[in-house]
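Per-entry structural report
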Amino acid sequence: PLTLEEVRMLVELFYLPYHHGALAQELLEHFRWLRANSLSVGIPATAPDACGGTRWRGRAQSFQLLCARTCRLHSRFVSTAGRALLYDLHPYLWDIRNMLLAASAFVLWLGCQSITAPILLGRDSEPWARRGGLFGELQALLPVGNSCDLFYHPPPLFPSSQLYLLRPLLPLDKLGHEGGGCSEVSQGLQAQLSRAPALPGRLLGSFLSLSPEYTFVLEDEGGPCGYAAGALHAEGFLQQRDSSWLPAIRHKYPPDLGAGGPALGQDALEEAVLFFHAEPLAVPQPVLRRFPSLVQLGTAPRVLDVGASRSLALCLLSALRANGSRGVFCQVSDADRQQLNFYSKLG
């Protein structure tokens, strides 16, 4: 059964609409402070005022621990609460879990960056457009907080107790990654998200090479199970991909490679090689002018909780918005039912 401490946490998260319990208040105070003082992250450790960066990282770690405790509470609640109580309270706790997954990863991302542009919020939304309570206040603190349609989604009919970790791509993930190659995380994602075996690099290679700072990884107990990747300036990214990254990868994987690898799955290998050697479709200039950033997301078939996928999207969009992006687009083949269904479920 739930412990007394876990019941206390649950009460503190939903104390009163405008009067928070101790846990919720601590979460909000940490997040407000970390966002307001994110410029101190980039101060070198040898600088005279380096203590600002040390203090920021200490509070970021405290915030991460609080988020992790709340995500564990969601998992425990789904596993142990009686069905009547579960279906009454789960939608609210599920919302908070999803929001904290995104907020926690965004804070981790801030710790890896030196943000030079302001975290823009645009015009203020109408007061009625945002929910009350802890969820609404956390929403307001994310850079995409005024895009209210990103935050409303019905909870799953069958609650899942699966624990997830959402984080930015870390330097260790990229060890062994060269040019057109792929890191261990990317290889794991490729294996779990693809319908068939394929060459490393097809899924995330260009983003890992040209825009690793806007790449996020979703993990569950089985390892990597989802990703979100983006490019802040899509036009320059696409030009660089076509002029340098694609020629290198085509040289590494020549068109006749599929003829000698039946062990890998002949059809899948040929399909992957054809993917690299096909000329990518040009993006129309009106699209690039209105939506200057490119995004790409995906999860493994075992990720049935759409909340985790939405947290991935929220985190990536917040990172792009924090550096001044005013719109995003994604490229999907009209024959790729898997990706079309995935984006449709995200809304």
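Please refer to the structure placed before this passage.
Heads up: these notes are all about the structure in this document. (Residues numbered from 1 in each chain as written. Predicted model: local features only at pLDDT ≥ 70, side-chain atom pairs only at ≥ 80, totals over all residues. Heavy atoms only, no water.)

Another point: the overall build of the protein. Within the protein one finds 12 helices and five strands. The buried share of the protein, reckoned over its 347 residues, is 49%. Expressed as a percentage of contacts within the protein between residues at least 6 apart in sequence, the contacts between residues at least 24 apart total 74%. For the protein, the computed accessible surface area is about 17,300 Å², with 59% contributed by carbon and sulfur atoms. (Helix = DSSP H or I, 4+ residues; strand = E, 2+ residues; numbered from the N terminus. Buried < 20%, exposed > 50% of the residue type's maximum accessible area, 1.4 Å probe, protein only. Contact = heavy atoms within 4.5 Å. Areas by Shrake-Rupley, 256 points an atom, 1.4 Å probe, with all protein chains shown as cover.)

With that settled, consider the nonpolar core. Judged by nonpolar contacts, the single largest core of 65 residues is most densely connected at Leu27, Phe31 and Phe216. Ranked by residues supplied to this core, first place goes to helix H4 (residues 83-112) with 13 residues. Split by domain, this core shows at least three residues from each of two domains, domain 1 (1-161) and domain 2 (168-346). Discounting residues that sit within four places of it in the chain, Leu27 has contacts with Leu13, Phe63, Leu66, Cys67, Thr70, Leu100 and Leu134. The next biggest cluster of nonpolar side chains, apart from the first, holds 16 residues, and it includes Leu169, Ala231, Val283 and Leu294. (Core = buried A, V, L, I, M, F, W, Y, C linked by side-chain atoms within 4.5 Å. Domains from an automatic or database assignment.)

A few words now on the packing of aromatic side chains. Here the structure, examined in full by the defined rule, presents seven aromatic pairs. Pairing Trp109 with Tyr214 gives two aromatic rings, centres 6.0 Å apart and planes at 35 degrees, and the pair type is tilted. Of this pair, Trp109 sits in helix H4 while Tyr214 sits in the loop between helix H7 (205-210) and strand E2 (215-220), placing them 105 residues apart in sequence. Note on Phe342 and Tyr343: the rings are 5.5 Å apart at their centroids and 70 degrees apart in plane angle, and the pair reads as edge-to-face. The residues Phe342 and Tyr343 share a single accessibility class, namely buried. Taken together, Phe106, Trp109 and Tyr214 form an aromatic cluster joined through their ring pairs. (Phe/Tyr/Trp six-rings, centres within 6.5 Å; stacked < 30°, edge-to-face > 60°.)

The contact between helix H11 (residues 306-322) and helix H12 (residues 337-346) brings their axes to 10 Å, and the two run at 85 degrees. In terms of orientation, H11 and H12 fall into the roughly perpendicular class. On the side of H11, the interface is formed by Val306, Ser309, Arg310 and Ala313, while H12 contributes Phe342, Lys345 and Leu346. (Axes fitted to C-alpha atoms, helices over the stretch in contact; angles between N-to-C directions. Parallel < 35°, antiparallel > 145°, perpendicular 65-115°, else oblique.)

Applying the stated criterion across every chain yields a total of nine salt bridges. A salt bridge links Arg8 to Glu5; the shortest N-O distance between them is 2.9 Å. Taken together, the positions of Arg8 and Glu5, both in helix H1 (residues 4-13) and three residues apart, correspond to about one turn of that helix. By relative accessible area, which is 40% here, Glu5 ends up partly exposed. (Salt bridge = Lys/Arg side-chain N within 4 Å of Asp/Glu carboxyl O.)

It is worth spelling out the environment of His19 at this point. For His19, the location among the structural elements is in the loop between H1 and helix H2 (22-36). In sequence terms His19 and Leu134 are 115 residues apart; their C-alpha atoms lie 9.3 Å from each other.

Here the focus is the pairing of strand E4 (residues 293-299). Among the seven residues that make up E4, six are buried, leaving the element largely enclosed by the rest of the structure. In this structure, strand E3 (residues 223-231) lies alongside E4, joined through six bridges in antiparallel fashion. Within E4, the residue paired with Gly230 across the bridge is Val295. Pairing geometry for E4 and strand E5 (residues 328-329), over two bridges, is parallel. Paired with Ser293 across the bridge in E5 is Val328. Chirality of the crossover, the property in question, places the unit of E4, H11 and E5 among those that are right-handed. (Pairing = 2+ DSSP bridges. Right-handed = clockwise from strand over helix to strand, strands pointing away.)

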